[in-house]
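The primary structure of each chain is shown beneath.
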Amino acid sequence: MIKLPSHYTHILALAFPLILSNLTVPLLGAVDTAVVGHLPDPAYIGGVAVGGTIFSFLFWGFGFLKMGTVGFTSQAFGAKNLPEQQASFLRPMLLALFFGFLLILLQGPLLQLCIHLIDGSAEVQQLALQYSTIRIWSAPIALSNYVIIGWLIGKGEPKLTFILQVIINSVNILLDLIFVIQFEWGVEGVSLATVIAEVVGFAVGLWIILKKSNFFSNKIDWQNVWLRSHILALFTVNRDIFIRTLCLIFSFAYFTRLGAGMGDEILAANAVLMHFLYFSAYGLDGFAHAAEITTGHAKGRNDNIEFKNAVKASSVMAFLTSIIFVAVFYLFGQLIVGLFTDIPSVQSTASEFIYWPIIMPLLSVAGFQFDGIFIGTTRTADLRNAMIQSLFIFLLSAWLFVPLWGNHGLWLAMAIYMATRGLTLLRYYPGLLKSIGQNP
């Protein structure tokens, strides 16, 4: 039996529960699509897709609350600095609550603007508005859950992260089935199920942190929490990740908008096929999260050898996993499409473009890995700059190829974008490596 080096087994021990945890997220999206995909009109799929895209903007625009928390927390635990471990949770949590209530106050103009910007038929827009006016009320809780999950990941607690994600998404899936299939509440049922699940997850997440960690083993140093230099560092890192995340979300929103302009069937088919990307992305993110934890700990200890081992082990296993995703999608892709929808026209349209998402895991794996490495070491300015460059290339590609080849051109632009994310970050990696201790 082959015995793996210790840094490989450590990465696997971290990554495996994180992969299972992450895969519950696209599984939830898949159930959202599937429960409305078996309703008689493809507009229902489009409404949920557009509504989901809106909240990618409104919520995942604040994804820095999770990613920044991972970086600061992993470095605080690497340095064994308990006051900073506490502060790395409390600072972003206060920000999450502030931004969440601000989104509720501004919901009217925000939702109208988002629905106007994402093109679609009148029926799709109306369904998306029904979805959004319910989902927005979970904003403070949803953003707080980003902090809770980020802190648990940064602490190196993948099993607890897995338990929390499973609880949130299991409640959501169960309520999806009850509200949409049993009660026939349509897109409102999908949205309400998500709101309730977020509340349950928030309560369980706080209980895990307060009861299952040593969070209160020392009195909280509030003076350290409000330390000006640390607050500024938090805002600097979060600003960079915010810009990076907005670029990422904009690219997917623009993809959705261009697809919507080609008709409801193309919009619905693309929404189904995007779940291939979501499953592979969240699966590969398990190794990216493992890289965040281990490279963050290495930076906290300023250990160059530990850093290199973490990068190598997580990247090798992520690449092998991407090949597995490609094989599964190739063998079972048509079956997967059939699980999402039984509308013949949507199935036929999805089949025409299915090979694009099949190859995407291989094209995107480098980008996911570098994301984890740069987030764990809080090299967020590099992340920001690389993502801006990648977005520019995506927009240029869409401008060139969509008029020539329609939806095939749109998928080609997305493929180029996914590959470019890794290539642009590769340029910054030598500088990151030099910043960790002394090169041997």
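Residues numbered from 1 in each chain as written. Predicted model: local features only at pLDDT ≥ 70, side-chain atom pairs only at ≥ 80, totals over all residues. Heavy atoms only, no water.

## Some remarks on helix 8 (residues 158–182)
The end-to-end C-alpha distance of helix 8 is 35 Å, a good match for the 36 Å that 25 residues give at a rise of 1.5 Å each. Just past helix 8, the residue Glu184 takes up positive phi, approximately 60°. (Helix = DSSP H or I, 4+ residues; strand = E, 2+ residues; numbered from the N terminus. Expected span 1.5 Å × (residues − 1).)

## Regarding the packing of aromatic side chains
How two aromatic rings sit relative to each other is given by the distance of their centres and the angle of their planes. One pass over the structure, following the stated rule, counts 16 aromatic pairs. Here Phe325 and Phe329 contribute two aromatic rings whose centre-to-centre distance is 5.8 Å and whose plane-to-plane angle is 40°, an arrangement assigned as tilted. Placement of the pair is Phe325 and Phe329 together in helix 13 (residues 304–340), with a separation of 4 residues, close to one helical turn. Residue class for Phe325 comes out buried when judged on its relative accessible area of 13%. Residue classification places Phe329 among the buried positions, given a relative accessible area of 4%. Here the aromatic rings of Phe370 and Tyr429 are separated by 5.9 Å at their centres, their planes lie at 55°, and the arrangement is tilted. Highlighted residues: Phe370 in helix 15 (residues 355–376) and Tyr429 in helix 17 (residues 429–434), separated in sequence by 59 residues. For Phe370, a relative accessible area of 13% translates into the label buried. We classify Tyr429 as buried; its relative accessible area is 16%. Joined through ring pairs, the aromatic side chains of Phe250, Tyr254, Phe394 and Tyr417 make up one cluster. In this structure, Arg427 packs its charged tip against the face of Tyr428, placed 5.3 Å from the ring centre. (Phe/Tyr/Trp six-rings, centres within 6.5 Å; stacked < 30°, edge-to-face > 60°. Buried < 20%, exposed > 50% of the residue type's maximum accessible area, 1.4 Å probe, protein only. Lys NZ or Arg CZ within 6 Å of the ring centre and 35° of its normal.)

## Topic: helix 6 (residues 122–135)
Taking 1.5 Å per residue as the helical rise, helix 6 with its 14 residues ought to reach 20 Å, and the 20 Å between its terminal C-alpha atoms agrees with that figure. Those residues of helix 6 not exposed but buried are Val124, Leu127, Ala128, Tyr131, Ser132 and Arg135. Axial view of helix 6: buried residues confined to an arc of 135°, hence all on one face. (Arc of directions from axis to C-beta.)

## So, the nonpolar core
A general tendency of soluble globular proteins is for nonpolar side chains to be buried together. One finds Leu58, Phe59, Leu65, Leu143, Phe307, Ile373 and Met414 to be the most contacted residues of the largest nonpolar core, which totals 129 residues. When residues in this core are grouped by element, the largest group, 17 residues, is from helix 12 (residues 264–301). Apart from the residues within four sequence positions on either side, Leu65 is in contact with Pro92, Leu95, Ala96, Leu143, Tyr146 and Val147. (Core = buried A, V, L, I, M, F, W, Y, C linked by side-chain atoms within 4.5 Å. Contact = heavy atoms within 4.5 Å.)

## As for the packing of helix 12 against helix 14 (residues 344–352)
Two numbers describe how helix 12 lies on helix 14: the axes approach to 8 Å, and their chain directions differ by 65°. Here helix 12 runs over helix 14; the crossing is right-handed. Listed contacts from helix 14 to Glu265, Ile266, Ala268, Ala269 and Leu273 of helix 12 are Ser345, Val346, Thr349 and Ala350. In terms of residue class, the contact of helix 12 with helix 14 is made up of 6 nonpolar, 2 polar and 1 charged. (Axes fitted to C-alpha atoms, helices over the stretch in contact; angles between N-to-C directions. Left-handed = near helix turned anticlockwise from the far one by under 90°. Nonpolar A, V, L, I, M, F, W, Y, C, P; charged D, E, K, R; others polar.)

## A look at the side chain of Ser138
For Ser138, the location among the structural elements is in the loop between helix 6 and helix 7 (139–155). A relative accessible area of 1% places Ser138 in the buried class. Filtering out sequence-adjacent residues up to four positions away, Ser138 remains in contact with Phe59, Val195 and Glu198.

## Details of the environment of Asp303
Here Asp303 shows up in the loop between helix 12 and helix 13. Residues Asp303 and Ile436, spaced 133 residues apart in sequence, show a C-alpha to C-alpha distance of 6.4 Å. Discounting chain neighbours no more than four positions away, the residues touching Asp303 are Ala298 and Ile436. For Asp303, the side chain forms a polar contact with the main-chain nitrogen of Ile305, separated by 3.1 Å. (Polar contact = N/O pair within 3.5 Å; in protein donor to acceptor, adjacent residues only side chain to side chain.)

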